[in-house]
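# Overview (structure and organization)
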Amino acid sequence: MRIAVAVSGGLDSLASLVMLREEGHDVLALHARFFPRQDEHLEKRLKGICTSLGVEMHVTLLQDEFAARVIDPFVQDYLDGLTPNPCARCNMRIKFGLLLDRALELGASALATGHYAGIKKNSSGPVLMRALDQAKDQSYFLCLVPPRRLARAKFPMYHHFKSSMQEFLQNRNITVPAREESNEICFIPGDYRDFIDGRLEKSHEPLPGPIVDSSGRTLGRHQGLWRYTPGQRRGLGIAFKHPLYVLRKDLASNTLVVGAREELGAGEFQARDVNILEEPRKWPLDLLVQTRYRQKARPAEVELWGQRMRVRYKGEPGLPVPGQVAAVYSPKGQVLAGGIIQQE
């Protein structure tokens, strides 16, 4: 099997390349340019590492496609009152979309990445699993990738821990070219608000509006609804007797609704564009749903119809944020489905 390995210059993708090479696979390195101002020094060092390993490296230009399919929708979602998840969108549209297509054109039959997740196979197709390293598990970001695409995915990090990867490469005299590992949104160097501000046209400049509590009492003024997200506590600019949190955004009236912590959350929500990764008839009785990357999956009931699903929490209410991803898991860590949380 010839396997293309998506290499960014970071720790995990390089370790994946080396592991597959040492396992005896026929591998090639595939590096994507996502931004107009690419780090040429990083590419040169990455090319040198691949040459020393006896691996050919290909560079594919995806700047325009990344902007159109990830960055522009990210900005528009915020303007529409949503809180998007660009990493999940990138995995679906770019890495296991266009980049996988490029890998197939180069004669590979699979694309490997440095994601901390796992792929198994059963009679009905690929099975997406949580990684052994629970603290770094990234299966949540992969739940929107269609099964036919996941069938060509390889995740060498499945059984490995992030803490051991630096030593793994050092033992092979490989220095990671990337200056640091990216833990936030790769195309935003600072605050997302500043980033969006810089891309807005005059016609889209945010309109200030009222901040009210759940009873409708006016408490202050907001500076544009897209600057706030449900659950946010800091940056509201309101002095009050107890901490206030963003409860929801009313786009029709351009109103930000805030309240006490105990007012946060909802007992149920709906999700759209659901990607089913396991036949529902095979789902276990007990299900877990995760709606944030750093959030623990919680017991819930899930009802499916078409490409939509309704999630009802079994315990205390959760905090489903419109635009974020809802991933359905089995108690054993299998990803069963994923969808985009809807506006109320």
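Everything below is about the structure printed above this text.
Quantities reported herein were computed from a predicted structural model and do not represent experimental measurements.

Calculation rules
- For every chain, the first residue of its written sequence is number 1, and the numbers climb from 1 along that sequence.
- Residue-level local features of this predicted model are given only where pLDDT is at least 70; pairs of side-chain atoms are given and counted only at 80 or more, and the full residue set underlies all totals for whole chains, interfaces and linings.
- To get the side-chain values, all heavy atoms of the structure are used, and hydrogens and water are removed first.
- For helices, the fitted line uses only the C-alpha atoms of the stretch in contact; every axis is such a line through C-alpha atoms, and the angle between N-to-C directions lies from 0 to 180 degrees.
- The helix and strand labels rest on DSSP assignments: H or I over at least four residues marks a helix, E over at least two residues marks a strand, and numbering proceeds from the N terminus.
- An angle counts as roughly parallel when it lies under 35 degrees, as roughly antiparallel when it exceeds 145, as roughly perpendicular when it falls between 65 and 115, and as oblique in every other case.
- Crossings are assigned a handedness: left-handed for a near helix turned anticlockwise from the far helix by less than a right angle, right-handed for a clockwise turn.
- Only heavy atoms matter for contacts: two residues are in contact if any of them lie within 4.5 Å across the pair.
- Polarity classes work like this: nonpolar for Ala, Val, Leu, Ile, Met, Phe, Trp, Tyr, Cys and Pro, charged for Asp, Glu, Lys and Arg, and polar for all others, with Gly in that last group.
- Here, strands pair whenever DSSP counts at least two bridges between them.
- Burial here depends on accessible area, computed with a 1.4 Å probe over protein chains only, as a share of the maximum for the residue type. Under 20% is buried, over 50% is exposed, and the range in between is partly exposed.
- Each aromatic pair joins two rings of Phe, Tyr and Trp (for Trp, the six-membered one) with centres within 6.5 Å, and gets the label stacked for planes under 30 degrees apart, edge-to-face for over 60, and tilted for any other angle.

Where helix H3 (residues 63–79) contacts helix H4 (residues 86–105), the two axes come as close as 10 Å, and the packing angle between them is 165°. In terms of orientation, H3 lies roughly antiparallel with respect to H4. With respect to the hand of their crossing, H3 and H4 are arranged in right-handed fashion. Facing H3, whose interface residues are Glu-65, Phe-66, Arg-69, Val-70, Pro-73, Phe-74 and Asp-77, H4 presents Pro-86, Arg-89, Cys-90, Arg-93, Ile-94 and Leu-98. Split into classes, the residues belonging to the contact of H3 with H4 amount to eight nonpolar, no polar and five charged.

Turning our eyes to something else, we now look at the sheet that holds strand E11 (residues 255–259). Ordered by their spatial adjacency, four strands build an open sheet running E9-E8-E11-E10, and the pairing between neighbours is mixed. The open sheet terminates on both sides in strands that have one partner only, identified here as strand E9 (218–222) and strand E10 (245–250). Each adjacent strand pair in this sheet contributes to an overall mean axis angle of 30°, direction not counted. Here E10 pairs with E11 via five bridges, running antiparallel. Residue pairing for E11: Arg-248 is matched across the bridge by Val-257.

Right, let's get into the pairing of strand E6 (residues 125–130). In terms of residue burial, E6 counts as a mostly covered element, since six of its six residues are buried. Connecting the antiparallel pair strand E5 (residues 117–122) and E6 is a turn made up of two residues.

One pass over the structure, following the stated rule, counts 13 aromatic pairs. Ring centres 4.8 Å apart and planes at 20° place the aromatic pair Phe-34 and Phe-66 in the stacked group. Placement of the pair is Phe-34 in the loop between strand E2 (26–33) and helix H2 (40–53) and Phe-66 in helix H3, with a sequence separation of 32 residues. For Phe-34, a relative accessible area of 14% gives the class buried. Here Phe-141 and Tyr-293 contribute two aromatic rings whose centre-to-centre distance is 4.5 Å and whose plane-to-plane angle is 40°, an arrangement assigned as tilted. Placement of the pair is Phe-141 in the loop between E6 and helix H5 (147–150) and Tyr-293 in the loop between strand E13 (287–290) and strand E14 (298–305), with a sequence separation of 152 residues. For Phe-141, a relative accessible area of 12% puts it in the buried group. An aromatic cluster of at least three residues, connected via ring pairs, comprises Phe-34, Phe-35, Phe-66, Phe-74, Tyr-78, Phe-187, Tyr-192 and Phe-195.

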